[in-house]
Amino acid sequence: MQNELKIGFIGGGNMATALIGGLAGKLTAGANIHVVDPYAPALEKLQAQFGVSTSQAIDAALADTDIIVLSVKPQQMKEVVLQLQPHLSSQLLLSIAAGIRAVDLSRWLGGYDAIVRTMPNTPALIGKGITGMVASAGVSAQQRDAADAIMRAVGATVWLDDEALIDPVTAVSGSGPAYVFYFIEAMQQAAQEMGLSAEQGTQLAIATFVGASQLAAQSTEPVSLLRERVTSKGGTTYAALTSMDASGVKQAIVAALKAAAARGKELGEEFGRD
């Protein structure tokens, strides 16, 4: 099925473009992908680059798809799915929109239940993303496999048993790249305040994050042990971590992620209102 999958995209923004780039000519032919977006220049670029078909409005071409990827802004979602409803029969709906619960999508569509909700993150733009995924009861095993293959086109996937866990996923990995960039910014600032150039500080901070992340990914040992191995008592790393502990950095990070998860739940409730 996968080599002949017909996939529709509603929304042709950055994340959709990343997915199409990972799919076209690999999981399915570009000609099997149909993209709907009101912005003509974006459609022209996608058509030229990947050979997809396009439309500026939801049309009957979506009725002939196996999977429809919903990649529009959350505040647009209800209007979009109501326009889509006449073209639905048994297609899988794959939502990559933040804050929109599958239960609300199903309710807006009169109980339609072939829905997979996902939470990707921005490293998907370079094929290094990770996506949390949860399937509604109406999703078949074949559809689940197809959804997994689509999101694996831009990185790894993590399947969840409970949609409520999408909010913690949003807090950890969906918003997570911003935390990394925030820490890199702090390292850059410190580097400059200690006399290094902006270029040197940037190079050192980014290379350290990349190297440490790859070391953690390739190691079979806990991250805590990797940290301990570079923390000699009384040494420079010990001084830095002791300062962070005294400032409550770890507790502040944990609290921040919990705040992000709570806001994700609030957004789901707000967007899900009729």
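Quick note: structure is the one above.
Residues numbered from 1 in each chain as written. Predicted model: local features only at pLDDT ≥ 70, side-chain atom pairs only at ≥ 80, totals over all residues. Heavy atoms only, no water.

Chemist: I'd like a rundown of the overall build of the protein chain, residues and numbers included.
Modeler: Across its full length, the protein chain carries 11 helices and 8 strands. The C-alpha extent of the protein chain, read off along each of the three principal axes, is 70 × 40 × 35 Å. Per-residue burial over the protein chain gives 39% buried out of 274 residues. Restricting to contacts in the protein chain with at least 6 residues of sequence separation, those with at least 24 account for 61%. Of the roughly 14800 Å² that the protein chain leaves accessible, carbon and sulfur atoms contribute 56%. Taken as two groups, the 19 positive and 25 negative side-chain charges of the protein chain have centres that lie 5 Å from each other. (Helix = DSSP H or I, 4+ residues; strand = E, 2+ residues; numbered from the N terminus. Buried < 20%, exposed > 50% of the residue type's maximum accessible area, 1.4 Å probe, protein only. Contact = heavy atoms within 4.5 Å. Areas by Shrake-Rupley, 256 points an atom, 1.4 Å probe, with all protein chains shown as cover. Lys, Arg positive; Asp, Glu negative; His and termini not counted. Charge placed at Lys NZ, Arg CZ, Asp CG, Glu CD.)

Chemist: Talk me through the nonpolar core; I want residue IDs and the actual numbers.
Modeler: Side chains of a nonpolar character, in soluble globular proteins, are inclined to be buried together. Counting residues in hydrophobic clusters, the biggest one holds 32 residues, and the most contacted among them are Phe9, Leu94 and Ile150. Counting only elements with at least two residues in this core, the list comes to strand S1 (7-10), helix H1 (14-23), strand S2 (33-36), helix H2 (40-50), strand S4 (67-70), strand S5 (92-95) and helix H5 (141-152). Counting residues per element, this core draws most heavily on H1, at 6 residues. In contact with Ile150, not counting residues within four places along its chain, are Ile7, Leu19, Leu23, Leu27, Ile67 and Leu94. (Core = buried A, V, L, I, M, F, W, Y, C linked by side-chain atoms within 4.5 Å.)

Chemist: Tell me about H1, residues and numbers included.
Modeler: At 3.6 residues per turn, the α-helix brings residues three or four places apart onto the same side. Counting buried residues along H1, 7 of its 10 residues qualify, which places the element largely inside the surrounding structure. Those residues of H1 that sit buried are Met15, Ala16, Ala18, Leu19, Ile20, Gly22 and Leu23. Among the structural elements, S1, S2, H2, S4 and H5 are those in contact with the buried residues of H1. Of the residues flanking the end of H1, it is Gly25, one or two places downstream, whose phi is positive at about 80°.

Chemist: Now, about the packing of aromatic side chains: what can you tell me, with residues and values included?
Modeler: Using the criterion set out here, one finds 1 aromatic pair in the structure. With a centroid separation of 5.8 Å and an interplanar angle of 65°, the aromatic rings of Phe183 and Phe209 are classed as edge-to-face. Here Phe183 is found in helix H7 (residues 176-193), whereas its partner Phe209 is found in helix H8 (residues 198-218), with 26 residues between them in sequence. On the basis of relative accessibility, which here comes to 22%, the residue Phe209 falls in the partly exposed class. A cation sits over an aromatic face here: Arg144 above Trp159, 4.0 Å from the ring centre. (Phe/Tyr/Trp six-rings, centres within 6.5 Å; stacked < 30°, edge-to-face > 60°. Lys NZ or Arg CZ within 6 Å of the ring centre and 35° of its normal.)

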